[in-house]
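The chain contents come next:
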Amino acid sequence: MENIEHICQPRATKSSSSSAGQKKTGEVSKQKWAIVSLSSIPLVMTLGNSMLIPVLPSMEKKLSISSFQTSMIITVYSIVAIFLIPIAGYLSDHIGRKKVIIPSLIIAGIGGLISGWAAWKMDNSYWIILVGRSLQGVGAAGAAPIVMPLVGDMFKSDDDVSSCLGLIETSNTFGKVLSPILGAFLAGFIWFLPFFSFPVFCVLSVVLMLFLVKCPKTNDKPVPFKQFFKTVRATFTEKGSWLYAIFFIGGILMLILFGILFYLSEIFEKEYGIKNIKKGFFLAFPLSALCLSSFISGKIIKKNKVLMKWLTFGGIVAAALSIAALWFSIQLWFMISMFLISGIGIGIGLPCLDALITEGIEKKERGTITSIYSSMRFIGVAAGPPIIAVLMKHSNHWIFILLSSLSIIAAFVALIAIKPSTQS
């Protein structure tokens, strides 16, 4: 497996490091509102999905469906996105990032309206809700995954890219913190209100993107598809080992995270009687830890690929050990504490993976390659809830065995396949 030492090479000599640092600071300062606008997109997309997690038990009762069918309300969103994200990435490389992101946000908002209207006005509305959720997945495919390559386009400095990706990942995880609280709060008034709130958030993001984000101008002509395909294939031939590793690790981490969230939502309500907004706050504990650790990780990694590797490895090991500890007890506060540690571990690793893959790919292929990575993450999101729903019918211990085992495998892959050079 080849080293990834060729990625993100320093662009400035030591003699010019001071002036480069000043330029970087100025560049980030000038783009601060654009960064805020871009950060709103993963926040909104996360709200569109995770906001429903605390409401799932209520949906199960209101719609008279099974726990597995309920999990599909989360999963169908991700399944649709999995297949469309690479197409959106390819289009963004050819027609421009904003031309893909803005229509995608509009489609996602329409999907939310359809799901909300069906839940409000229709009997036996489950299948129409899934149609609306599928449309949300179409929109999600062309929105949040395109933010990563756009950040790579906007900044020349590796430090700026890493820092901004850390903020983007923090926004994503902050959405996960806010989602259970906001979802439970809205559902406390009307159970389907979270569906209708999503289009409002989408409109806000569209406005921010239209007026505050300017994509870098380029004189490059679109590459013909055949030539583009050959280039992407050559990239995988050259860099495949670490790319596949990052794809795999990203998918596993999201499977673990959404598996945990689904499990906690079910167990809080059915075993401990924790419902509504109180459940939202309880779910926010591990997610807050994930958000904070993502922010700190994104700030400290800069372009240090060795640090990225070991933070990823250490974070995944911490998640594995904390989940394995639940074999011995699932007392409420012990369980929350262990999942809080898991959240910290996952939060440490995600910005490192984002930075490695975004900074390691040429601009012309960045949208396509990072979109494949996003697809792998969506596979994890899609797989987590239904897998946990099936295992909960048998034994909680099998849930902890599976999640901790997957974490250990992911840590081993990070250790073996990611081989950055020693930083000078």
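Note that the structure is a prediction, hence the values are computed from the model and not measured. (Residues numbered from 1 in each chain as written. Predicted model: local features only at pLDDT ≥ 70, side-chain atom pairs only at ≥ 80, totals over all residues. Heavy atoms only, no water.)

Observations regarding the environment of Lys32
Here is step 1: Relative to the elements of secondary structure, Lys32 occurs in helix H2 (residues 32–50).
Here is step 2: In this structure Lys32 comes out as partly exposed when scored by relative accessible area, which is 48%.
Here is step 3: Sequence-wise, Lys32 and Val213 are 181 residues apart; in three dimensions their C-alpha atoms are separated by 9.9 Å. (Helix = DSSP H or I, 4+ residues; strand = E, 2+ residues; numbered from the N terminus. Buried < 20%, exposed > 50% of the residue type's maximum accessible area, 1.4 Å probe, protein only.)

Overview of the pattern of salt bridges
Here is step 1: Summed over the entire model, instances satisfying the criterion amount to 7 salt bridges.
Here is step 2: A salt bridge links Lys61 to Glu269, with the shortest nitrogen-to-oxygen separation between them at 3.9 Å. Of this pair, Lys61 sits in helix H3 (residues 56–62) while Glu269 is found in helix H10 (residues 225–272), placing the two residues 208 residues apart along the sequence.
Here is step 3: Take Lys61: its relative accessible area is 59%, and that puts it in the exposed class.
Here is step 4: Arg97 is the salt-bridge partner of Asp153, the closest N and O atoms lying 2.7 Å from each other. In this pair, Asp153 sits in helix H7 (residues 144–154) while Arg97 sits in the loop between helix H4 (67–95) and helix H5 (98–121), placing the two residues 56 residues apart along the sequence.
Here is step 5: Judged by its relative accessible area of 14%, Asp153 is buried.
Here is step 6: Taking the relative accessible area as the measure of exposure, Arg97 reaches 5% and is therefore buried. (Salt bridge = Lys/Arg side-chain N within 4 Å of Asp/Glu carboxyl O.)

Focus on the confidence of the model for the protein chain
Here is step 1: Taken as a whole, the protein chain shows an average pLDDT of 85; of its residues, 90% reach a score of 70 or greater.
Here is step 2: Ranking the helices and strands of the protein chain by mean pLDDT puts H5 first, with 96, and helix H1 (residues 17–30) last, with 53.
Here is step 3: Note that pLDDT drops below 50 for residues 1–24; the model gives that stretch 39 contacts with residues more than four away or on any other chain. (pLDDT = per-residue confidence, 0-100. Contact = heavy atoms within 4.5 Å.)

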